[in-house]
Protein chains: 2
Amino acid sequence: MSDTTRIAPQTGTAFLLRKGETLRISDPLGEQVSDLLAFAASKDGSAVARPLEWLSSGRSLDYAETIYLTTGNILYDQNSVPLLVITADTCGRHDFLLTPCSPETFSIIYGNTEYHPSCYENLWRNLAVFGVEPHEIPTAFNVFMNVQVDGTTGKIAVLPPTSKAGDYIELRAERDLVIGMTACSAEMSNNYSFKPIDYRIIPAE
Amino acid sequence: MSDTTRIAPQTGTAFLLRKGETLRISDPLGEQVSDLLAFAASKDGSAVARPLEWLSSGRSLDYAETIYLTTGNILYDQNSVPLLVITADTCGRHDFLLTPCSPETFSIIYGNTEYHPSCYENLWRNLAVFGVEPHEIPTAFNVFMNVQVDGTTGKIAVLPPTSKAGDYIELRAERDLVIGMTACSAEMSNNYSFKPIDYRIIPAE
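Now for a description of the structure that goes with this document.

Basis of the calculations
Residues numbered from 1 in each chain as written. Chains lettered and ligands numbered in written order. Predicted model: local features only at pLDDT ≥ 70, side-chain atom pairs only at ≥ 80, totals over all residues. Heavy atoms only, no water. Phe/Tyr/Trp six-rings, centres within 6.5 Å; stacked < 30°, edge-to-face > 60°. Helix = DSSP H or I, 4+ residues; strand = E, 2+ residues; numbered from the N terminus. Buried < 20%, exposed > 50% of the residue type's maximum accessible area, 1.4 Å probe, protein only. Core = buried A, V, L, I, M, F, W, Y, C linked by side-chain atoms within 4.5 Å. Contact = heavy atoms within 4.5 Å. Least-squares fit on C-alpha atoms with pLDDT ≥ 70 in both. Buried area = accessible area lost by both parts, 1.4 Å probe. Salt bridge = Lys/Arg side-chain N within 4 Å of Asp/Glu carboxyl O. Polar contact = N/O pair within 3.5 Å; in protein donor to acceptor, adjacent residues only side chain to side chain. Pairing = 2+ DSSP bridges. Axes fitted to C-alpha atoms, helices over the stretch in contact; angles between N-to-C directions.

The subject of this paragraph is the packing of aromatic side chains. What characterises a pair of aromatic rings is the spacing of the ring centres plus the angle enclosed by the ring planes. Residue and element names in this part refer to chain A. All told, the structure shown has 8 aromatic pairs over all chains when counted by the stated rule. Geometrically, the ring pair formed by Tyr63 and Tyr76 is edge-to-face, given 4.7 Å between the ring centres and 65° between the ring planes. With Tyr63 in helix H1 (residues 57-64) and Tyr76 in strand S5 (residues 74-76), this residue pair connects regions lying 13 residues apart in the sequence. Given the relative accessible area of 13%, Tyr63 is considered buried.

Core analysis: the biggest nonpolar cluster contains 118 residues, and Leu84 of chain A together with Leu84 of chain B have the highest contact counts within it. Excluding residues within four positions of it along the chain, Leu84 of chain A makes contact with Leu17, Leu36, Ala38, Asn73, Ile74, Leu75, Leu171, Arg172, Ala173, Glu174, Leu177 and Ile179 of chain A.

Note: a rotation about an axis with an accompanying shift along it relates these two copies of the chain. Expressed as a screw transformation, the operator carrying chain B onto chain A has a rotation angle of 180° and an axial translation of 0.0 Å, and the superposed copies differ by an RMSD of 0.0 Å. The superposition of one copy onto the other is thereby described by a two-fold rotation axis. For chain B, the minimum C-alpha distance to the rotation axis belongs to Gly151 of chain B and amounts to 2.3 Å. Interface residue correspondence from chain B to chain A reaches 100%, placing this contact among same-surface, isologous pairings.

Now for the interface of chain B and chain A. Each side of the interface is counted separately: chain B has 40 residues, and chain A has 40 residues. A per-residue breakdown of the area chain B buries against chain A is headed by Arg59, Glu65 and His135 of chain B, which together make up 17% of the total. Across the chain B-chain A interface, the total number found is 2 salt bridges. Here Glu65 of chain A and Lys155 of chain B are joined by a salt bridge, their closest N and O atoms 3.5 Å apart. At the junction of chain B and chain A, the tally comes to 16 residue pairs in polar contact (both at pLDDT 80 or more). Those elements that provide at least two residues to the side of chain B that touches chain A are helix H1 (57-64) and helix H2 (103-108) of chain B.

Our next topic: the sheet that holds strand S2 (residues 12-17) of chain A. All names here are of chain A. Here we have 4 strands laid out as an open sheet, ordered S2-S11-S4-S7, and antiparallel in their pairing. Lying at the two open borders of the sheet, with one neighbouring strand each, are S2 and strand S7 (141-143). Neighbouring strand axes in the sheet, compared pairwise and without regard to direction, differ in orientation by 25° on average. Two elements, strand S4 (residues 34-40) and S7, share 3 bridges in a ladder whose sense is antiparallel. Its bridge partner lying in S7, Ser34 is registered against Val143. In the packing of helix H3 (residues 119-127) onto the sheet, contacts are made with S2, S4 and strand S11 (177-182), and the angle to S11 comes to roughly 145°.

Below, the structure written as structure tokens:
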């Protein structure tokens, strides 16, 4: 098992995850969201495959028949090919409805027009190394994000994460993947306190 | 106002919608879904703009703070730029969670491995004329699709549309757009009966 890597508050990273390896994402202090993206990798792992094969919230929700994905559920790409399988989950509440926070998120929702770190920027800057362009960033799988939906009115509420210190989720790669991950930068999503995110890569069995 | 155009059951179309024009989508017989996509158009309207500016369910749901978009809500692209505004809606129940039905939808959900018409095919074949590639088809705004979410468990249920014969929705273009539309091909989404969809383009005021 690799050492644990820490993603500093309001930053992100990108790396290669080989088929069969398992990514464990941990919330070391509790109540911290991590936006996760996955793209099929090129054969030599130096870039994303073209045409781009990207994580699809719509396909994944459709096949899972739930908005709350957890152990046993599959994250599909837009062509209905499995990218990741959730193999463990001590939290059980993650969001797959909303996009990575971006400068526009802070201006439209928070009324903040000053510079603000964002998952969008932290994803595209790190994923650019692997050939992903900013306009290609799709809806992320928002690990530990607590988005509630009122089943009658449809109203969406972003609540503090239910994750406690040490909670984790494990996802096994079904293909060679380029992964993008953040420690989320949005106030409301993280109960107004920015914390790190830890991850480690567990080798294929 | 243009004449009404009819989309035959289990087919689709694509066309240009100019800034300020309003698209009225009608359900002439009731209980029929229409998958809607929008992309920013190139200056001469012959193709989609590059880099691609595509309808984003994640951005739109985030800003609307509801999964049930209706009159007054805005459909955004991935860069948080408004593409369409809903200006009228006699139905009030549309889905923005699930992807266009595809061959894989029918094999994974319905167990049908024979050829089956699909919104995915009807969208990409018609949108190809405007330069959209199949792998670029995002989550659609599924007009008249009745997807219920259990707020406690997160469970998704695809129910018969609540639309009655003559129900319509109107969407005003905030930019020059390439529109893709279908009369949906999936059994469950349309209460197991395939019907046409009508649309007309209302000029800018």
